[in-house]
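Structural features, examined
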Amino acid sequence: MQPIIQIEDLTKVFGGKVRAVDSVTFEVEKGEIFGLLGPNGAGKSTLIRMLCTLSRPTSGTAKVAGFDIVSQANEVRKHIGLVAEKMILYNHLTAYENLMLFGKLHDIPEETLGKRIDELLELVQMARWRNSRVGDFSTGMKQRINVIRGLLHMPELLFLDEPTLGLDPQSSLEIRELVRRLNEEQGITVILTTHYMDEADALSDRIALIHHGKIAALDTPAELKKRISGYDGVILELKVPNLTPDLVSGIKSLRSVTDVLAEDATELKIYGKGKDAIDDVIDEVRSKKGEISYIRNIEPTLDDVYLQITGRSAETNVVREGTDQKSRPHRRGFFGTRR
Amino acid sequence: MGIKQELSHTLWITWKDLMELWRSRMRLVMMILMPLIMMTMMSFIFPSSQNVLSNIPIAVVNNDLGPQGAVFLSTLSNMDAAKGLITFKSALSLEDARDMILRGEALGAIVIPENFSGALTTHLYTANITVLTDDSNPQISQALSQILTQVIDGMSLMQAAVNVYPYAMQVHVNPIAIVVPYSAKAEGVVSGGGSYIEFMIPGLLMMNVITSMMTGLPRAIAYEKDTGTLVGFLASPISRVSIIAGKALGHIIRGLIQAGVSLALAIVLFGITIHGDIMLVVLVLFLGVYSFVGLGITLTSVAEDEETAAMIMMTLTMPMIFLSGVFFPIQMMPDFMQTIAHWLPFTYAIDAMRRIMIFGVALSSVATDILVLVAFGTVMLIVAIPAFEKAMTR
């Protein structure tokens, strides 16, 4: 299949020091839903901004829909739709007026534009609010209008930068469903950035894990997860009401344990290796008079993959012990989780 | 991209801005209220020197040993009755009058000396009337001192004319011509002109439209940058010039509407007459705004956010307004301030507007002003467009 995005050694340095995107090279196939995963500050949005011609690369090249992002920026803009993290809508204008404005900026002919707006409003079940002011809408309704705003000119490629950020579960589900339909029914290639792992897992054909501006891993969600489970890995959730630091140290020192993450004061997430890991952990807890409320073997998530590869959670601010001295390992990070 | 397309993009961006303004009734009301409040306030804060002072409490000390002091004060009182300038307050002595000023009971004092009648009857010496003023209030003190000395000098001349009357009659000449051999009469070049409000209105008009551009445009762009909506324009296949032009045109129209409201208020409320061509007034307003579009855009490119943009604009516009002669004639400023004023395009915009509105001059008479505005505006736009482009793709 022909790549719709070709990136080679793309780098963005801010202020001569901060390498937000560091020599990134990859391709995106036409018709894919391609996820870019990483925590805040990993470089996802900077990468998207460069691909959308909103930020000039420091070095490297990228072609979007066959056009160079620097020398053919205007051509690139004609072929892409952008749903940015902040909504591109004007509260004092109606849904129709907002869409009309951006349709006109894309030079969509008058006779086509009105019909297209009505079709898209139908698609997101917003036709009855066609002439209502956007300022009166809920966040979920606004986001639906925001997504179709990016689709007015029927782009080949849709960039979705954190499209469900701040939405309630129902609205998030609707947006994900819409993205899936657009991809399946209209063949639109979607580049999705998110730090919600379940969202990326559910939608993406392939995922690039971004860490400190670099691609840490790039594969399908299933293959990425195999990097843990497929190589004799095991993830355990353990609850010990009388958990002590001594007990945590004991578990960490086990040969079959590779990592221990404190979920809270009594709960641990343990990354182990080999079939004996679960027995070793139980024996260690019992030898130190620990009372096990429960212990279970859990399926790895993309966040686990990210944590294993980078030493840092993509979804929260969790950092594996010993990998980042500035952060404390605590599961409930500032950004919370949605699981 | 064709000019027609660019123009279409520009107009749609302008349409968006104006629709937002139209839908926000509070902004619309404030747009009309602002010039009304501004003009009313300014016209009363800086009224003309003739009507600034009324019912000024003045302490009067009559130390004259003869009757002439009382006659003088009575004449003064009669002269003032029509204007109501002074409220006379009796004081016992010079010290008493000084205390009254210190206590804030009087703003000045007139002290008739002991030898006043003697001087008038013997003509051997001049009777020196002392005028005291409140030094803590320099502007009132200066105006009062000027008015009182003028009144007293006038009365002195009248007395002189009375004194020389018998001699004048003998040689058949006019006694006034003897004591006042010549006098000056100042006249303006435009009949009926010359009031402070007439001086100020052209400056206020220019100030309204230029500050609307200088503060409004960078704030509007910075606001769209902060809220993320600017990305919608930047990611669309439109030229950066269209974005700048669209936003600027919206603010130019807003500025011109505001100027129109100001002008209508000035005519209706203050009886201002526009002596020049109204189209020339609109042209100069437009050029005034045009000259600041580039500066506004350049500063937008420098400012990181809306608050920074507002602070930069305030820092620049406030001194510019005062230095360019909106409220005070530039000629009243110290030399170095006048030099600075001549480097400000705002000064030229106001000068052109004032000469068109007050003198009714033709385009050729303000050609230099217009040239400066066009040149400054064009140079700033040449700087602004790449700066904006660079700032938006950081």
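It should be noted that the structure appears before, not after, this text.
Read on for a plain summary of the structure.

What counts and how
- Residues numbered from 1 in each chain as written.
- Chains lettered and ligands numbered in written order.
- Predicted model: local features only at pLDDT ≥ 70, side-chain atom pairs only at ≥ 80, totals over all residues.
- Helix = DSSP H or I, 4+ residues; strand = E, 2+ residues; numbered from the N terminus.
- Buried ≥ 20, exposed ≤ 12 C-beta atoms within 10 Å, placed from the backbone.
- Contact = placed C-beta atoms within 7 Å.
- Rg over C-alpha atoms; globule rule 2.2 N^0.38 Å.
- Nonpolar A, V, L, I, M, F, W, Y, C, P; charged D, E, K, R; others polar.
- Pairing = 2+ DSSP bridges.
- Axes fitted to C-alpha atoms, helices over the stretch in contact; angles between N-to-C directions.

**Description of the overall build of chain A**
- Within chain A, the secondary structure is distributed over eleven helices and 14 strands.
- Counting over 339 residues, chain A shows a buried share of 43%.
- Put simply, 66% of the contacts in chain A that link residues at least 6 apart link residues at least 24 apart.

**Considerations on the overall build of chain B**
- From N to C terminus, chain B includes 16 helices and four strands.
- Taken against the 2.2 N^0.38 rule, which gives 21 Å for 394 residues, the C-alpha radius of gyration of chain B at 29 Å runs more than 25% over that of a compact globule.
- The burial tally for chain B puts 36% of its 394 residues in the buried class.
- Taking the intrachain contacts of chain B between residues at least 6 apart in sequence as the baseline, contacts between residues at least 24 apart amount to 76%.

**Quick look at the interface of chain A and chain B**
- Across the contact, 22 residues belong to chain A and 22 residues belong to chain B.
- Where the side of chain A that touches chain B is concerned, the elements lending two or more residues are α2 (73-79) and α3 (95-105) of chain A.
- When residues of the side of chain A that touches chain B are assigned to their parent elements, the largest contribution, five residues, is made by α3 of chain A.
- Per-class residue counts for the side of chain A that touches chain B are eleven nonpolar, four polar and seven charged.

**A word on helix α11 (residues 302-310) of chain A**
- For α11 of chain A, a buried count of eight out of nine residues is recorded, marking the element as mostly surrounded by other parts of the structure.
- Within α11 of chain A the residues assigned to the buried category are Leu302, Asp303, Asp304, Val305, Tyr306, Leu307, Gln308 and Thr310 of chain A.

**Brief notes about the environment of phenylalanine 14 of chain A**
- Relative to the helices and strands, phenylalanine 14 of chain A resides in strand β1 (residues 3-14).
- Residues phenylalanine 14 of chain A and threonine 58 of chain A, spaced 44 residues apart in sequence, show a C-alpha to C-alpha distance of 8.6 Å.

**Overview of the sheet that holds strand β14 (residues 294-298) of chain A**
Residues and elements named next belong to chain A.
- The antiparallel open sheet is built from four strands, whose spatial order is β12-β13-β11-β14. Here the strands that pair on one side only, and so sit at the sheet edges, are β12 (257-262) and β14. With direction set aside, neighbouring strand axes in the sheet form an average angle of 20°.
- Together, β12 and β13 (267-273) form the strand contacts of helix α9 (residues 245-252), whose direction differs from that of β12 by roughly 150°.

Any functional reading would require information that these geometric values do not contain.
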